[in-house]
Amino acid sequence: MRKKIVAGNWKMHGSLQQNAVLLEQLLNGMAGLDCELVVCPPYPYLPQVAGLLAGSQAKFGAQNLSEHHSGAYTGEVSASMLVDLGCRYVLVGHSERRALYGESDSVVAAKFEAAHKAGLVPVLCLGETLAEREAGATDSVVLAQLQAVIDRVGVAALSSAVLAYEPVWAIGTGLTASPEQAQQVHAVLRSRVAELDSVVAAGLPILYGGSVKPQNAAELFAQPDIDGGLIGGASLVAGDFLAICRAVV
Ligand code: 13P
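Everything quoted here is computed from the prediction, not taken from an experiment.

### Remarks on the pattern of salt bridges
- Under the definition given, this model contains 13 salt bridges.
- We note a salt bridge from Asp105 to Arg98, for which the minimum N-O separation is 2.8 Å.
- Close ionic contact of Glu195 with Arg192 constitutes a salt bridge, the shortest N to O distance being 2.8 Å. Here the residue Glu195 and the residue Arg192 both occupy positions in helix H8 (residues 179-196), the gap between them amounting to 3 residues, near one helical turn.
- Since its relative accessible area comes to 60%, Glu195 is described here as exposed.
- Overlapping salt bridges bring together Arg2, Lys4, Arg190, Asp225 and Asp227 as one network.

Structure (structure tokens):
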């Protein structure tokens, strides 16, 4: 059985006080979950989150990292710094990083490699824009995003990674991919990996992200190739995030 994961991407939200309340509510409600619960706060709150989650089953990660080890890269944060702070996961290539900060497929692949080499679990985000979907290019876009990483690190590196399919048109818009649309893309991604290594493909968690809510989580997670979720807005509301976690089958 593949690992099931529900990860909250807080994006640029939170404060010391809000985080403390949210995490306390999550800790109080997470007993008996059938998935790994992960939160990805903004960098400055990682030590706070590490402290509050210590001794619990929950894991945490960062939303980004530098592709470089160290050096004159003002404002950047390296993989080893995230390891120092106790991160288990790191998001790589979120569509907001790609679109707003110009991260190309090759930069994303370099970040993936940096995370992998440091022992972090990269959560590689893949997804098409609305224009790309309407042009019938969804599969080719996500496969090219995946291929850039495989070309750099090899398929074996995916045995300690997670994929997250996040259609750009579904992020923060209230539009969700239908369970069938999401399943189709997840299956395409898994098949591509299986062509290279069937064992890696069978064990690779592929999360869905994009307007996941308590109301639509169960039908998404019921799909055979959807192994959990990457949750934005709803991860900031403890009751909603826990309800999504409980929808994992
Ligand atoms: P929303 O759940 O707010 O649509 O965000 C999805 C996302 O981008 C998670 O990384």
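Still to come is the rest of the account.
### Some words on unusual backbone geometry
- Notably, Lys11 is not glycine yet its phi reads approximately 50 degrees, a positive angle.
- Unlike most non-glycine residues, Ser211 shows phi in positive territory, near 55 degrees.
- Assignment of secondary structure puts Ser211 in the loop between strand S7 (206-209) and helix H10 (214-221).
- Looking at Ser211, the relative accessible area reads 10%, which means it is buried.

### Here's the deal with the sheet that holds strand S8 (residues 228-231)
- Strand order in the closed barrel formed by 8 strands is S1-S2-S3-S4-S5-S6-S7-S8, with parallel pairing between adjacent strands. Between one strand axis and the next, the sheet turns by 25 degrees as a mean value, whatever way the strands run.
- Sheet topology note: the strand S6 (residues 162-165)/S7 ladder contains 3 bridges and is parallel. Across the sheet, Leu163 pairs through a bridge with Ile206, a residue of S7.
- Each of strand S2 (36-40) and strand S3 (59-62) touches helix H2 (residues 46-53); the most contacted strand, S3, lies at about 175 degrees to it.

Procedures and definitions
Residues numbered from 1 in each chain as written. Predicted model: local features only at pLDDT ≥ 70, side-chain atom pairs only at ≥ 80, totals over all residues. Heavy atoms only, no water. Salt bridge = Lys/Arg side-chain N within 4 Å of Asp/Glu carboxyl O. Helix = DSSP H or I, 4+ residues; strand = E, 2+ residues; numbered from the N terminus. Buried < 20%, exposed > 50% of the residue type's maximum accessible area, 1.4 Å probe, protein only. Pairing = 2+ DSSP bridges. Axes fitted to C-alpha atoms, helices over the stretch in contact; angles between N-to-C directions. Contact = heavy atoms within 4.5 Å.

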